[in-house]
Amino acid sequence: MLIYDLDLLTLANLLSEWNEPSYRAKQIWQGLYQHFWNSPEQITNLPKSLREKLAEHINFAPFKVKIFLDSSDGYTRKTLFELPDKNLIEAVLMRYGDPADNPQITASPTGRGAKNRRTLCISTQAGCAMGCVFCATGQMGFKRHLSSGEIVAQVMYYARMLKEENQSVTNIVLMGMGEPFHNYDNTMAAIDRLNDPEGYNFGARRFTISTVGLVPMIRRFADEKRQVNLAISLHAADDESRVSMLPINKKYKIDEVLESCRYYVNQTGRRITFEWALIHGVNDTPEVAKQLAARLKGLLCHVNAIPLNPTAGYHGKATGRGRAAAFKAALEQAGIPCTIRMRRGIDIQAGCGQLAGSVSLVG
Ligand code: SAH
Ligand code: SF4
């Protein structure tokens, strides 16, 4: 049993079976989620006998750190974790802001004065079953779902690391390996656990979930009226083009996806984000931008475009600056706000779609 898989009530029930007083559960909870301790011995406000019992019956070590890599600018760290069944997953920390606030950083890709943020990108599955052609995780295939605790533990690992620098995670994006809506229940359980006011207390609005567009789950998510941000990986404005990149589009066509997005906006009043990997000559012309704008008309949304990151299994090329700017201008002229996002951590294969759980990339 992995400690991070338990919610507070389950932990309390377990302790009452052990005839422990009820406040012990909260002491453990605070140790885990406020001090980020990761072994029972550290929870010194518990009696020794209970610490020993916990160590004997509950697993406090969700994974081993296989390796971590820092990008050359010092702003991005990718950590590769090995799960007990030897599957590998990755989580990436991206720092934004002033080097003065981040002493270990020498250069600033965002320029001085940029808002100081530390965004953590975590995985929800080992591998992915969706097979998007330009994504390294898709190229490796599906291994397995992560448990809620395995998702939570990635955050605790980085929270612990940042605490040593007197810093904390400011945003969490579920954009690492895997499709979060294919592992819906565990993903939501992880968010709820991280959100728990008695524990880590991470605000719902500081999470962003990204999905390839699993329509029934978008509707379910809308009905739950969560405050969590939602991003949809669109990448194409017509079905023929989208299906050639995202096989799931055979099942859920663009119209259906956008219909569920309208439903989401109606249900929640929240703006939705569309993600767009800009691929030279494929989906980056002003004509495509106009076609996209026409389809998104009237929807409370925003387009996040990012030049394609290279992966071993796909030969498309990233759009250059000039074409990206023209794409953005065409969208905005048609009334759809668009941001061209910076690529991050490409030198350590930590960019969007580059996580393959592979150590062979190293060195
Ligand atoms: N499975 C989810 C979340 C993980 S992927 C999803 O697909 O939305 C996170 C984002 O990276 C998605 O928008 C995905 O389309 C994008 N992506 C995948 N491969 C990429 C690549 N090679 N370059 C840029 N973005 C990529
Ligand atoms: Fe899976 Fe997302 Fe990669 Fe597609 S882009 S293969 S859904 S992780």
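Above this text sits the structure in question.
Residues numbered from 1 in each chain as written. Chains lettered and ligands numbered in written order. Predicted model: local features only at pLDDT ≥ 70, side-chain atom pairs only at ≥ 80, totals over all residues. Heavy atoms only, no water.

Novice: Tell me about the packing of aromatic side chains, and please be specific about residues and values.
Specialist: Scanning all chains against the criterion turns up 13 aromatic pairs. On the numbers, 4.1 Å between centres and 25° between planes, the contact of Phe-63 with Phe-81 is stacked. Here the residue Phe-63 occupies a position in the loop between helix H3 (48-57) and strand S1 (64-70), and Phe-81 occupies one in strand S2 (residues 76-82), the gap between them amounting to 18 residues. The class of Phe-63 is buried, set by a relative accessible area of 14%. Relative to Tyr-264, the ring of Phe-221 lies with its centre 5.9 Å away and its plane at 10°, an arrangement referred to as stacked. Of the two residues, Phe-221 is situated in helix H7 (residues 215-224) and Tyr-264 in helix H9 (residues 254-268); the sequence distance between them amounts to 43 residues. Exposure remark for Phe-221: the relative accessible area of 0% places this residue in the buried category. Three or more aromatic residues joined by ring pairs make a cluster, and in this case those are Phe-36, Tyr-200, Phe-202 and Phe-207. Over the face of the ring belonging to Tyr-96 we find Arg-117, whose NZ or CZ atom lies 4.4 Å from the ring centre. (Phe/Tyr/Trp six-rings, centres within 6.5 Å; stacked < 30°, edge-to-face > 60°. Helix = DSSP H or I, 4+ residues; strand = E, 2+ residues; numbered from the N terminus. Buried < 20%, exposed > 50% of the residue type's maximum accessible area, 1.4 Å probe, protein only. Lys NZ or Arg CZ within 6 Å of the ring centre and 35° of its normal.)

Novice: Describe the sheet that holds strand S10 (residues 272-278), with residues and values.
Specialist: Pairing within the open sheet is mixed, and its ten strands lie in the order S1-S2-S3-S4-S7-S8-S9-S10-S11-S12. Edge positions in the sheet fall to S1 and strand S12 (338-340), since each has one partner strand and no second. Averaged over all neighbouring strand pairs, the angle between strand axes comes to 20°, with direction disregarded. One ladder, built from three bridges, connects strand S7 (residues 171-174) with strand S8 (residues 207-211); its direction is parallel. Residue pairing across strands places Leu-174 opposite Ile-209, the latter belonging to S8. Relative to strand S3 (residues 88-96), helix H5 (residues 148-163) is tilted by about 40°, and along the sheet it contacts S1, S2, S3, strand S4 (117-121) and S7. Those strands touched by H9 are strand S9 (229-233) and S10, and its axis lies near 145° from that of S10. (Pairing = 2+ DSSP bridges. Axes fitted to C-alpha atoms, helices over the stretch in contact; angles between N-to-C directions. Contact = heavy atoms within 4.5 Å.)

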